[in-house]
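Chains, contacts and geometry: an overview
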Amino acid sequence: MSSSRNCLSVQFPAILLLIVIAFALPGSRCFAQSSSFGQQVRPILSDHCFACHGPDEEARSADLRLDTADGISYVVIPGDEENSELVARVSSDDPDMVMPPPDFSKPLSDAQIATFRRWVADGAEYQEHWSFIAPKKESPDGVTLRNATQAIDYCINQELDRVNLSPNGPADDRTLLRRVCLDLTGLPPTREQIDAFVEDRSANAYKTLVESLLESPRYGEHLGRYWLDLVRYGDTHGLHLDNYREMWPYRDWVIGAVNQNMPFDQFITEQLAGDLLPDATQDQQIASGFNRLNVTTNEGGSIYEEVFSRNVIDRTDAFGTVFLGLTTGCSVCHDHKFDPITTHDYYSLSAYFNSIDGRAMDKNIKDHAPSIKVPTKEQSAAVADCETQLAELRTEMAGPIDTVDAAQSEWEQSVQKSTGDHHELVLSPTTVTSKKGVEMVINDDQSVSVIGEVAGTDTVTIVASLQPNTAWQTLHLEALTETPDSRVGLSDNGNVVLTEIEVEKKAGAGKSNWTTVPIRTATADIEQPGDEFGIRFAIDGSDDRDKGWAVDGHNAVGPRNAWLVLTSLATESEEALIRVRLKYKSRYAKHQFRQVRLSLSTAMPDVPNKVVELVSVPVDERSNEQNAEIRKIYRSDYCTHADWTVLVHMEKGLVKTMASIRDSITSTLVWKELGEPRQAYVLNRGQYDAPGDPVQRRTPSFLPPMDDGLPNDRLGLARWLTSESHPLTSRVVVNRFWQQFFGTGLVKTSEDFGSQGEPPSHPVLLDWLAVDFRQNGWDTKLLMKAIVMSDAYRRSAHVDAKQLRIDPANRLLARGPRFRLDAEVLRDQALALSGLLVDEMGGPSVKPPQPAGLWEAVGYTRSDTAVFVADEGEKTHRRSVYTFWKRTSPPPQMTTFDAPSRESCTARRERTNTPLQALLLMNEKQYVEAAKQIAKRVTELTDVPTTQSRIQWAFENVTGRPPSEQEINELESLLHDLVVHYVQKPELAMQLTGDSSPELAAWSIVASTLLNLDEVVNK
């Protein structure tokens, strides 16, 4: 309320003037009094004054606060408007004295100045901001309210009486049926539901209907989608490549939890801290994925610390929006200008979300750690069966095998003998290719090198001529370096992880297919320490990205070598070829060799000296440990006996089968806490590289403190949110539920319960419902039932001139709710009415058709979501909640109707009405398909022979009510004109329906017309 040029100076003596301060709710009536500070005065101060005289200490002018009782007491004399500095300054005509100053460009209106005067004259009663005071379940006007439904109707009717508005009567049965079906399941009523409800004249007919809808599995699918908007659920990472992210088990958990009527405090706790619960179940770990829904990146130019801090800030802002209903993000750079959230509060809160046991960069993979596998029962059984077979086989392989042991004795005798002459050949590559298109070159020394920009993962394929009539036994892989002090890998740290190496042979170009050359054993000169980094993992037939030959390149410089013992690498063809594939599939990006050379030998790999020494010990003098070690070395590295080879192949087959099953198992991102929390800091001006004061985990200071008995972690944070003393959580949740039914919350700004948000239209009702919700065990279905059973909900939506004049937005609810349906409901409704909707629940997200080129327009060529490929068959007719959500290009049939991108939390969607929406409803592929299917059903009605009766059937099927005579006549006339049109132009009928029948084409247009009726597009 000031500028650098002039500010509101304090002109009173140091003695503190008395001011009436009432820390209470704005009255116990269902509506706000005209002189209410919270309802009338504070919003003006917040909008016009707090920017300069509010919570933000750095931006505060004249050291004056108008957001606290102490601060405002310096400029107000209760009951004396003429001598109150506040009134004088806001009423002044002097541009150097008036507040707000002219260059602030937010002058007060005469009505706002009058509000200040009236408030001061009435005693200047000050109240804390309403949402920061714990709600109370008060009986308005001394009336005892027995349940939530009664509270809703009493408070709403009291407000209508105050403004002299009469409530509408109840909606007719069919209208009410359609309304409640759409609101509780997101689907229109079936003809069976319509007939049953219309014919049931019992007093409990509506109650019975509501209870059945609440028990429908469709309920969770519909209510769950609001939550998915709120928490920014998506199927991609959201930034740069925007690659696929496997998170749909979380979506299914949400739907399941809603259907099970999980108490909402538990719903909150399992998402915030499911991983911290004792003996956390798989479902609770899945729920903790809530903390992983923020957008992420692996863009090469990103600075890790910046991405890390951005992720933490995103999670903190999400917590503020989802659970507090506050714009906490306004405190990232400075103290909040309107609400009492300091930067220290913000970063202390962020400390609960900065200790994930995983990296900030997503590696462009679907399941960057921490993540878990979510197998089906069938997959778990198959893996268990493989593990049992593998354990039994390995027991057999570890024990005595007569034929193999006899071969071992012969080998031992020959170890120290000369191996005789042998032949070696350096392979001369004819081609070398990268699966990712990275540029490679064949060097003069027959090695191959990467010269282009290395990809995160890749497969390098080398093809060379194969010398015939030679029994090759060993393939030697040399990983070369430019100098002895160079590192062998292309990654930033110089390390390499070779996931798998495959060898194939072919008789000649075009003469036969490639055949696999089995690799029996392998040895390497250097293996990185660790259970998953041995050379054996590079020949196990698995592309497991967590395993492979790691060469320890980040610790030691110089080249590396591996020797692979082959089976059956011999050919008589002069045109024979050998093909070697080097697969780099590791989760560690770019961990690939810079330069490799391949050679073949007719000899086995040299036996190391330590093995020679072991074998040289006489058999009768060896210890059990030495015998076991010799057997292990022989069988793993040198044995070629057929009986052993069979067992090895069986083992590899089981390992490969098990790996294939595990690769097919769905994964999902979860939270895993570090053993010790990271130290958090205030980031000066929100800059990741400007840490300031260290801060500890703490809830915002203006809210009730966390109980000392609670753990100071996310689990304690969840318990704090749902404690009786918390003023925000239950209010915020109840308000969003109200918004779902009435289009607008009791607090219109459902994302902002702070000073800049709108005050509640019915404050006592909001508090009554919030407390009642908590006292009833956070029972969501009980609250839903209470709302839809109320007279306020069941009223006719008819509007008259008086209602439009007094309450154009229907905030007082003299009439029933009526507004345009959300995108998902519109699509699902069309599919349901046509009979196309598939009611399969859960599973991977699906891709209904959409216009070509949308993903390509925003996608990078290396992205796995760069090209959209629509699903086929029943998948395209699944409910919209299961639609694949690419954040940089969300489904256009959704965004056209105001669905968000889900890059950030959305507490309420905007609701627009545009020509593009009408074009979509009439022309989008699936809406047209639905219209054609309705037409097909109409033309196949053998028991409904007349045109008028068919019109009646189609009209009632779509709208839920029988048509009037005028409506029948108009539709009959339209149908007649269309039939004539398509008789004259059968090619257009064929183009529309794939059938030359003019009748089918005409009915398709009639059905489309019905689907576009105002009463169908709205509820």
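Because the structure is a prediction, the values reported are computed rather than measured. (Residues numbered from 1 in each chain as written. Predicted model: local features only at pLDDT ≥ 70, side-chain atom pairs only at ≥ 80, totals over all residues. Heavy atoms only, no water.)

1. A closer look at a nonpolar patch on the surface
Note the threshold: Patch definition: residues with relative accessible area over 30% and no salt bridge; like charges joined within 9 Å; nonpolar side chains (Val, Leu, Ile, Met, Phe, Trp, Tyr) joined within 5 Å. In these tables, accessible area is a Shrake-Rupley quantity obtained with a 1.4 Å probe, and a residue counts as shielded only by the protein chains included in the view. Each salt bridge in this description consists of a side-chain nitrogen of Lys or Arg and a carboxyl oxygen of Asp or Glu lying within 4 Å of one another. The helix and strand labels rest on DSSP assignments: H or I over at least four residues marks a helix, E over at least two residues marks a strand, and numbering proceeds from the N terminus. Partly exposed describes any residue whose relative accessible area lies between the buried limit of under 20% and the exposed limit of over 50%, with all areas from a 1.4 Å probe on protein chains only and scaled to the type maximum.
Judged by side-chain polarity, L916, L919 and M922 come together as a nonpolar surface patch covering roughly 290 Å² of accessible area. Mapped onto the elements of the fold, L919 is located in helix α30 (residues 915-923). Note on L919: relative accessible area 48%, which makes it partly exposed.

2. Points about the UniProt feature "domain: DUF1553" (unreviewed entry) in the chain
Keep this limit in mind: UniProt positions are given in the numbering used here, feature names are shortened, and annotations may be inferred rather than shown by experiment.
Following the UniProt record, one finds the feature "domain: DUF1553" (unreviewed entry) at residues 713-974. The distance from the first to the last C-alpha atom of residues 713-974 is 66 Å, and the span holds 47% helix and 0% strand.

3. Some remarks on empty space enclosed by the protein
As a reminder, the rule being used: Only protein atoms enter the 1 Å grid, on which a cavity is a set of points fitting a 1.4 Å probe that cannot get out and a pocket is an open set with protein on both sides within 12 Å along at least 5 of 7 lines, lining residues being those with an atom within 4 Å of a point. Grid points are joined across faces, edges and corners, and a volume is the space filled by probe spheres set on the points.
With the rule as written, the count across this model stands at 13 cavities of 30 Å³ or more. For the largest cavity, the full set of lining residues is R245, R292, N294, T296, F308, N311, V312, R315, I356, R359, A360 and H368.

4. Topic: the domain arrangement of the chain
Cut-off, in case you're wondering: Domains are outlined according to an automatic or database domain assignment.
When cut into domains, the chain gives domain 1 (49-128), domain 2 (218-372 + 675-726), domain 3 (376-406 + 644-664), domain 4 (419-606) and domain 5 (923-1017). For domain 1 versus domain 5, the separation of C-alpha centres amounts to 64 Å.

5. Considering the sheet that holds strand β6 (residues 458-465)
Stated formally: If DSSP finds at least two bridges between two strands, the strands pair.
Taken in spatial order, the five strands line up as β3-β6-β14-β9-β10 in an open sheet, and their pairing is antiparallel. Each edge of the open sheet is held by one strand with a lone partner, namely β3 (429-434) and β10 (515-516). Two strands pair when backbone bridges link them, and β6 and strand β14 (residues 577-584) are joined in this way by eight bridges, in the antiparallel orientation. Within the sheet, the bridge partner assigned to T459 lies in β14 and is K583.

6. Regarding the nonpolar core
Note the following rule: To qualify as a nonpolar core, a set must consist of buried Ala, Val, Leu, Ile, Met, Phe, Trp, Tyr and Cys residues joined through side-chain atoms within 4.5 Å. Any pair of residues with heavy atoms lying within 4.5 Å of one another is described as a contacting pair.
If you look at the biggest cluster of nonpolar residues, it comprises 103 residues, and the most contacted ones within it are Y206, W227, Y250, F319 and W738. Contacts of W738, omitting those with residues within four sequence positions, involve I152, I156, G743, T744, G745, L746, L765, L769, I787 and L813. By size, the runner-up hydrophobic cluster in this structure holds 43 residues, among which are V517, L569, A576 and I578.

7. A word on the pattern of salt bridges
Within this structure, the stated rule accounts for 57 salt bridges. One salt bridge in this structure joins E751 and R908, with 2.8 Å as the shortest N-O distance. Linking E751 in the loop between α22 (729-742) and α23 (763-775) with R908 in the loop between α29 (892-895) and α30, this pair joins segments that are 157 residues apart in sequence. Looking at R908, the relative accessible area reads 26%, which means it is partly exposed. Beyond isolated ion pairs, a larger network of salt bridges with shared partners links R225, D229, D822, E824, R902, R909 and R911.

8. Describing the UniProt feature "domain: Cytochrome C Planctomycete-type" (unreviewed entry) in the chain
When the UniProt feature table is mapped onto this chain, "domain: Cytochrome C Planctomycete-type" (unreviewed entry) is found at residues 49-103. Helix makes up 27% of residues 49-103 and strand 0%, whereas the separation of the span's terminal C-alpha atoms amounts to 13 Å.

9. A short note on the packing of helix α7 (residues 173-185) against helix α8 (residues 191-199)
Using the following cut-off: In this analysis an axis means a line fitted to C-alpha atoms, helices contributing only their contacting stretch, and an angle means the value between N-to-C directions, from 0 to 180 degrees. To sort the angles, those under 35 degrees are grouped as roughly parallel, those over 145 as roughly antiparallel, those from 65 to 115 as roughly perpendicular, and the leftovers as oblique. Two helices that cross are described as forming a left-handed crossing if the nearer one is turned anticlockwise from the farther one by less than a right angle, and a right-handed crossing if clockwise. When residues are grouped by polarity, Ala, Val, Leu, Ile, Met, Phe, Trp, Tyr, Cys and Pro land in nonpolar, Asp, Glu, Lys and Arg in charged, and all others, Gly among them, in polar.
Closest axis-to-axis distance for the α7/α8 pair is 10 Å, and the angle between their directions is 130 degrees. Overall, the two elements α7 and α8 adopt an arrangement that is oblique. Both α7 and α8 take part in a crossing whose hand is right-handed. When α7 is examined against α8, the residues D173, R174, L177 and C181 are found in contact with a partner set consisting of Q193, I194, F197 and V198. Across the contact of α7 with α8, the residue classes tally to five nonpolar, one polar and two charged.

10. Quick look at the packing of aromatic side chains
Keep this limit in mind: Classification of ring pairs rests on two measures: the distance between centres of Phe, Tyr or Trp rings, Trp counted by its six-membered ring, which must be within 6.5 Å, and the angle between planes, read as stacked under 30 degrees, edge-to-face over 60 and tilted in between. Charge over a ring is defined by NZ of Lys or CZ of Arg lying within 6 Å of the ring centre and within 35 degrees of the ring normal.
Applying the stated criterion across every chain, the model contains 29 aromatic pairs. Ring geometry for W411 and Y638: centres 5.2 Å apart, planes at 25 degrees, overall stacked. In this pair, W411 sits in helix α17 (residues 402-414) while Y638 sits in helix α19 (residues 624-638), placing the two residues 227 residues apart along the sequence. Take W411: its relative accessible area is 13%, and that puts it in the buried class. For Y638, a relative accessible area of 9% translates into the label buried. Members of the aromatic cluster, joined through ring pairs, are W227, Y250, W253, F264, F267, F290, F319, F323, F353, F737, F773 and W778. Taking NZ or CZ as reference, R225 lies 4.3 Å from the ring centre of Y226, over its face. Residue placement shows K886 over the ring face of W855; its charged tip is 5.5 Å from the ring centre.

11. Considering the packing of α7 against helix α9 (residues 205-214)
Running from amino to carboxyl end, α7 crosses α9 at an angle of 25 degrees, the nearest separation of the two axes being 10 Å. By the angle class used here, α7 and α9 are roughly parallel. The two elements α7 and α9 meet at a crossing, and its hand is right-handed. Across the interface between the two elements, L176, L177, V180, C181, L184 and T185 from α7 touch Y206, L209, V210, L213 and L214 from α9. Residue classes in the contact of α7 with α9 are distributed as 10 nonpolar, one polar and no charged.

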